[in-house]
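Working through the structure, step by step
Spelled out from the first residue to the last, the chains are:
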Amino acid sequence: MLREGMELTLKKVVTPADTAAKVASGALEVFSTPMMIAFMENTAFELAQRELSVGETTVGISVNIRHMRANLIGDELQCNAVLTKIEGKKLHYTVEVTFSGEVVGSGDHVRFIVDEKKFLENIKK
Ligand SMILES: CC(C)(COP(=O)(O)OP(=O)(O)OC[C@H]1O[C@@H](n2cnc3c(N)ncnc32)[C@H](O)[C@@H]1OP(=O)(O)O)[C@@H](O)C(=O)NCCC(=O)NCCS
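What you see is a predicted model, and the numbers here were worked out from it, not measured in a lab.

Evaluation of the coordinates by the stated rule reveals 4 salt bridges. Ionic pairing is found between glutamate 102 and arginine 69, a salt bridge with its closest N-O pair at 2.8 Å. Residue glutamate 102 is located in strand β5 (residues 102-115), and its partner arginine 69 is located in the loop between β2 (56-67) and β3 (76-87); the two are separated by 33 residues in the primary sequence. For arginine 69, a relative accessible area of 25% corresponds to the partly exposed category. Among the salt bridges present, the one from lysine 117 reaches glutamate 121, with a minimum N-O distance of 3.2 Å.

So this is what it looks like as structure tokens:
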């Protein structure tokens, strides 16, 4: 069962697929902001998914993130997500990525609990 205050920490090593040059968010071979946000979303998603029923999942509906420190391929990062507030189907998180104890990026993220089948059926074509 989901409870306010739950948290999860995941690790990841920066790979060549994660760079700004690779995902076209910039020119340099450094850890990209979109892949940092994907790591934050993945941590928040995993935290919720472990507690949901079969057929339920979460989708991301909001991110408000700062990226404060650059990283190179091979750096081992940690992401911590804390479920700060449950508001009906809305799950509010704080997320923080660190490298060697220094903050790489942080911010707020919101996910929404959906029924997988209904969500896909409701997408307008
Ligand atoms: C999640 C989603 C289905 C909610 O739509 P819905 O079921 O019609 O629900 P509503 O529009 O009534 O919104 C429910 C609540 O979420 C809020 N909300 C919905 N989308 C939001 C967004 N993008 N940012 C912030 N709040 C949002 C609404 O303001 C509402 O808040 P309230 O209950 O306090 O009034 C819809 O926003 C959506 O499909 N978003 C895209 C998600 C996505 O594709 N993510 C990427 C894949 S993981």
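Read on, since the account is not over.
Moving on: the site of the ligand. The full set of residues close to the ligand is Val59, Gly60, Ile61, Lys90, Phe112 and Phe119. Separating an oxygen atom of the ligand from a side-chain N or O atom of lysine 90 is a distance of 3.1 Å. Summarising the interface, the protein chains cover 36% of the accessible area of the ligand, which totals 920 Å² for the free molecule. Of all the elements, β2 adds the most residues to the shell around the ligand, at 3 residues. Counted by class, the shell around the ligand contains 4 nonpolar, 1 polar and 1 charged residues.

Now for the side chain of serine 32. With respect to the helices and strands, the residue serine 32 is situated in the loop between α1 (20-23) and α2 (33-49). Residue classification places serine 32 among the buried residues on the basis of a relative accessible area of 1%. Engagement of the side chain of serine 32 in a polar contact is seen with the backbone nitrogen of methionine 35, the distance being 3.2 Å. Ignoring sequence-local partners within four residues, the contact set of serine 32 consists of Asp18, Thr19, Ala20, Val23, Ser25 and His67.

Moving on, we come to unusual backbone geometry. Even without glycine at this site, alanine 24 takes up a positive phi of about 65°. Note that alanine 24 resides in the loop between α1 and α2. The phi torsion at serine 100 lies on the positive side, around 50°, for a residue other than glycine. Note that serine 100 resides in the loop between β4 (90-99) and β5.

Let us look at the sheet that holds β4. Strand order in the open sheet formed by 5 strands is β1-β3-β4-β5-β2, and the pairing between neighbours is antiparallel. In the strand order of this sheet, the two ends are held by β1 (7-13) and β2, each with one partner. Within this sheet the neighbouring strands show an average axis-to-axis angle of 25°, counted without direction. Relative to β5, β4 runs antiparallel, the two being bridged by 10 bridges. Across the sheet, residue valine 97 finds its bridge partner in β5, namely glycine 105. On top of the sheet, α2 reaches β1, β2, β3, β4 and β5; it is set at about 140° to β2, its chief contact.

Before going further, it helps to spend a moment on α2. End to end, α2 covers 24 Å across 17 residues, agreeing with the expected 24 Å (1.5 Å per residue, within 8%). Of the positions making up α2, those classed as buried are Met36, Phe39, Met40, Thr43, Ala44, Leu47 and Ala48. For α2, the elements touching its buried residues are β1, β2, β3, β4 and β5. The backbone nitrogen of methionine 35 has a side-chain oxygen 3.2 Å away, supplied by the residue at the start of α2, namely serine 32.

Calculation criteria
Residues numbered from 1 in each chain as written. Predicted model: local features only at pLDDT ≥ 70, side-chain atom pairs only at ≥ 80, totals over all residues. Heavy atoms only, no water. Salt bridge = Lys/Arg side-chain N within 4 Å of Asp/Glu carboxyl O. Helix = DSSP H or I, 4+ residues; strand = E, 2+ residues; numbered from the N terminus. Buried < 20%, exposed > 50% of the residue type's maximum accessible area, 1.4 Å probe, protein only. Near = heavy atom within 4 Å. Polar contact = N/O pair within 3.5 Å; in protein donor to acceptor, adjacent residues only side chain to side chain. Areas by Shrake-Rupley, 256 points an atom, 1.4 Å probe, with all protein chains shown as cover. Nonpolar A, V, L, I, M, F, W, Y, C, P; charged D, E, K, R; others polar. Contact = heavy atoms within 4.5 Å. Pairing = 2+ DSSP bridges. Axes fitted to C-alpha atoms, helices over the stretch in contact; angles between N-to-C directions. Expected span 1.5 Å × (residues − 1).

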